[in-house]
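Residue-level structure breakdown
Letter by letter, the chains look like this.
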Amino acid sequence: MDPSSAAATCNRKKRKDVSPAEDESKRFKASQESEAMPESGSSPCSPSITVKQHRLQEPITQDDLMELLRYAALGKAGGVKQPSWCRLRHQKKIKAMNVAIVEGVTQSHFYKHYLTLQHLRTTYTSRVTFTSPSADLASGIFSSEVPESDSLSQRHKEGSPMYRALMSHPVITRFGTQRRGLTAYVLTQEEMIKKRYPVKGMPGFEEFICTDSVDCVTDSSPLYGIDCEMCLTEKGYELARVSVVDAGGNCMLDQLVKPHNRILNYLTRFSGITAAMLRPITTTLRDVQAKLRTVLPSDAVLVGHSLDNDLKALKVIHMHIIDTSLLYRKDFGQKFKLKVLAETVLKKQIQTEEKNGHNPTEDALAALELAQYFIKTGPRQVVERHLQELWGYAVTEESADCPPTPVLSHRFADILQSLGRSVVFYGKRSDVALDPSNQLWHSSDKEVLASFRKQTKRPFLSVLQFSSYSDQLKSPPPPQEQRYPRLCVGLRDMCVVFAGPFPAAFSERDVRRVFRCCGPIHKVQMLTSAVRVHAEITFKLLEGAVLARRTLNGLSIQRQPIKVTLFILSVGAFLHRCIPNMHLFQVQRPVCGSTLDLDVTLDALMIDGLTASNVYAVKLDASVAESVNVPPKINGHPHAAVDAARPQLAAGKAQMSEKEVKEVFSRFGPVERVVLLAKPGRRATHAYIAFETSEDKQAALSSSEALWKHDYLICPALTPPHLPSWVAMTTPNAAADNEERTQAYDASQEMDLLRKMDRRLEKLFRSLPDDTLSVVVLVGCTSAPHPIPGLCLMEVKQRFLRTATWERRAPPTRLSRPVIPDHDTKLEPLI
């Protein structure tokens, strides 16, 4: 078989293996990508924060919050580890931190008024339940203890006189404090040009020869010490003697040189050269240059003291040099003499008066040993050991009359201030654990926000406490202990469906058996006060109620159809509309105060940043699958041949596994994770599936018919990952449920207060500098009979991050009373 035919056969096999559902999903994704407009986003290197998956459903405490703030401020360099419950990327780029504390507002308030809080729900991409602290949160932030570490002890030392003297020392400012290899001290070409060392191509060095040196040297390259002596001739200073020693101190070259021009002064006092010494010498400069090129290997590093003079006398260009006069440098460009350095550092006597002039071999060895000592010891140790005797620095110790050095404080606010980072509290006058000079007291939340926005220079850590909402929410009736159950009832109403009529002998267990295919059930209450039997089913998850409404409506049990409607009316009103002897009921949109905007709320939850790429899936039991209705629009997407594609489920109970779910759903795109909703040891029939992108999610939703054939029902995920269930936010006081539903509670004032809070927090966020870690804490409540959890929202302000961009449209007009339709009235479906 030729290659072309083999390739064609392979391609045909590949095309044959692709299912129609996969083709459809790919076409859908391609159309989505082609229609999508490019959006400006944050840079991949911008700081960001995410909550770890295994901690999403565990509430965080004040200590957990402080883990994040300490790491954001100090990082690993400050001895602080990444928080155990979240991950902050690119911590070093965090420029400021802002914490907004909102008292009296709970997690339940956030989700009850989800549509109202446009800024909070669209701007903050990380949310997690917050356990209300028993003490003041703002005071706890400032007084939190930072664990002791070597980095903190080092910072304490940095305040000592010795440290300040070191940091201003010319050697430290040039080479730093860390010990490094020899390449860190080799002069760069820019430095050589600036100091007038011989460099190829520079004017004045045209007649100089170049050694055969490599382009780059390493820390293992050999060191060679060199020193030259000169005489004064008619043309200036000329070479009279040169010495070279290797790293072991062996003399490799010691040669007298005959100057080319007439000698005017032998400079015997310094050079040790006399006329008698040079009279028999015939070696010229060119001879020495040739020998030097032979002695030095290509990766040699030349070491000398004021080496520029030696290279000019040799008329040699060498690329890699270390000058000890620049290693042991002084202020203002001054230099130590080689004799002083050898005596102080090496404890050697050179160039003594007893000797007639200098010995270049001795000087070359001294320069070499000084460089070796500097490289081996490191700049900081060299300076500390010889600070006073060489540089003349005298560090004065504190006398007994002086107050003792204060003990290092580990309080978070004190640590930040010791690092030169400002810390400010904005709020009402209270007992906050912070110096009064760092507190700005105001009588209202409006003044708190205005004061922060007026600051031209933002503090590194700013804590704003908004307390008026707590006061205003408590002031009108009903009191706090009555208001919270009513708030919870509104949240539970979203998860409630009414169903019926059932056969007369239908029990609560039978109802659970039918409805559990849509999601975990919190409670079933049989309603027998009417002529026929109905049931109220409360799901733990909002998705369960949505799927029940879509798929179980019209389910036939013992030839008696069941009507499922989302709860809107009171129990009495619902049963009042159940007309006897009717098998089918008209579908009408539920109407009550807590669910007037339910459809809009569901739409907003579908595109929530925490669930934008997630779907909810259930696997049907064979016992109910035969009677389940598949609507003409499965999961909101039309399909032609739905009725003809009825699933044939195997007998037995359905069960999900992570491997199976990934195999089924990975055809639509990469699956990041699968969260099975089942207690340990119990079989799972419901799951959340998180895709990498929202396009993959849409591809799955558009292929509902194919998934139906695989026994799966899906819908967009509506429950944020940090909520184990919607009813988990509600009070366990069941006795209050029915009572509260019958009471008309006007929450308009509460909504107005929370809308005002959201707008203030939006103004605050917009005024933050880029790369600021913004944390909003809805504190919750600890005074109620049952502690009410709060909510912590986190985001890093970035240049391209936009705040809420939704249009602030007026809500559509709603009827104030439920309308009973005629039998011929065509009602709008809920979803």
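Refer to the structure presented above.
The structure contained in this document is the topic of the report that follows.

**Brief notes about the overall build of the protein chain**
Within the protein chain, the regular secondary structure consists of 32 helices and 29 strands. Taking all 831 residues of the protein chain together, the buried fraction comes to 51%. When contacts within the protein chain are restricted to residue pairs at least 6 apart in sequence, those whose partners lie at least 24 apart make up 73%. Per element, the accessible surface of the protein chain, about 40,600 Å² overall, is 51% carbon and sulfur.

**Thoughts on the environment of Pro 520**
Note on placement: Pro 520 falls in the loop between α23 (508–515) and β17 (521–527). Remark: the alpha-carbon pair of Pro 520 and Lys 540, spanning 20 residues in sequence, is separated by 5.7 Å.

**Structural notes on the sheet that holds strand β22 (residues 614–619)**
Strand pairing in a sheet relies on backbone hydrogen bonds, with the paired strands running either antiparallel or parallel. What the four strands build is an open sheet, ordered β25-β26-β22-β27; its pairing is antiparallel. Looking at which strands have only one partner, the edges of the open sheet turn out to be β25 (671–676) and β27 (712–716). Taking the axes of each pair of neighbouring strands and ignoring which way they run, one obtains an average angle of 25 degrees across the sheet. One ladder, built from five bridges, connects β25 with strand β26 (residues 686–691); its direction is antiparallel. When the sheet's bridge partners are listed, Val 674 is paired in β26 with Ile 689. Contacting β22, β26 and β27, helix α24 (residues 542–551) crosses the sheet at an angle of about 120 degrees to β27.

**Let's talk about the packing of aromatic side chains**
In this structure the tally under the stated criterion is 15 aromatic pairs. The interplanar angle of 5 degrees and the centroid separation of 6.1 Å between the aromatic rings of Tyr 111 and Tyr 114 together place this pair among those described as stacked. Look at Phe 665 and Tyr 712: their rings are 5.5 Å apart centre to centre, the planes differ by 80 degrees, and that puts the pair in the edge-to-face class. In this pair, Phe 665 is assigned in helix α28 (residues 658–665) and Tyr 712 in strand β27, connecting sequence segments 47 residues apart. Both residues of the pair, Phe 665 and Tyr 712, belong to the buried class. Taken together, Phe 175, Tyr 185, Tyr 328 and Phe 374 form an aromatic cluster joined through their ring pairs. Looking at Arg 458, its charged tip hangs above the ring of Phe 452, at a distance of 4.8 Å from the centre.

**Focus on unusual backbone geometry**
With a phi angle near 50 degrees, Leu 267 is a residue other than glycine that sits in the positive phi range. When you line up the elements, Leu 267 lands in the loop between β9 (263–265) and α11 (268–271). One non-glycine residue, Asp 771, adopts positive backbone phi at about 65 degrees. Turning to its location among the elements, Asp 771 is positioned in the loop between α32 (748–766) and β28 (772–778). For Asp 771, a relative accessible area of 15% corresponds to the buried category.

**Describing the side chain of Lys 619**
When you line up the elements, Lys 619 lands in strand β22. A relative accessible area of 13% means that Lys 619 is categorised as buried. At 2.5 Å, the side chain of Lys 619 and the side chain of Glu 660 are in polar contact. Residue contacts for Lys 619: discarding those within four places in its chain leaves Ala 654, Gln 655, Met 656, Glu 660, Thr 685, His 710, Asp 711 and Tyr 712.

Here is what the cut-offs are and how they apply
- Residues numbered from 1 in each chain as written.
- Predicted model: local features only at pLDDT ≥ 70, side-chain atom pairs only at ≥ 80, totals over all residues.
- Heavy atoms only, no water.
- Helix = DSSP H or I, 4+ residues; strand = E, 2+ residues; numbered from the N terminus.
- Buried < 20%, exposed > 50% of the residue type's maximum accessible area, 1.4 Å probe, protein only.
- Contact = heavy atoms within 4.5 Å.
- Areas by Shrake-Rupley, 256 points an atom, 1.4 Å probe, with all protein chains shown as cover.
- Pairing = 2+ DSSP bridges.
- Axes fitted to C-alpha atoms, helices over the stretch in contact; angles between N-to-C directions.
- Phe/Tyr/Trp six-rings, centres within 6.5 Å; stacked < 30°, edge-to-face > 60°.
- Lys NZ or Arg CZ within 6 Å of the ring centre and 35° of its normal.
- Polar contact = N/O pair within 3.5 Å; in protein donor to acceptor, adjacent residues only side chain to side chain.

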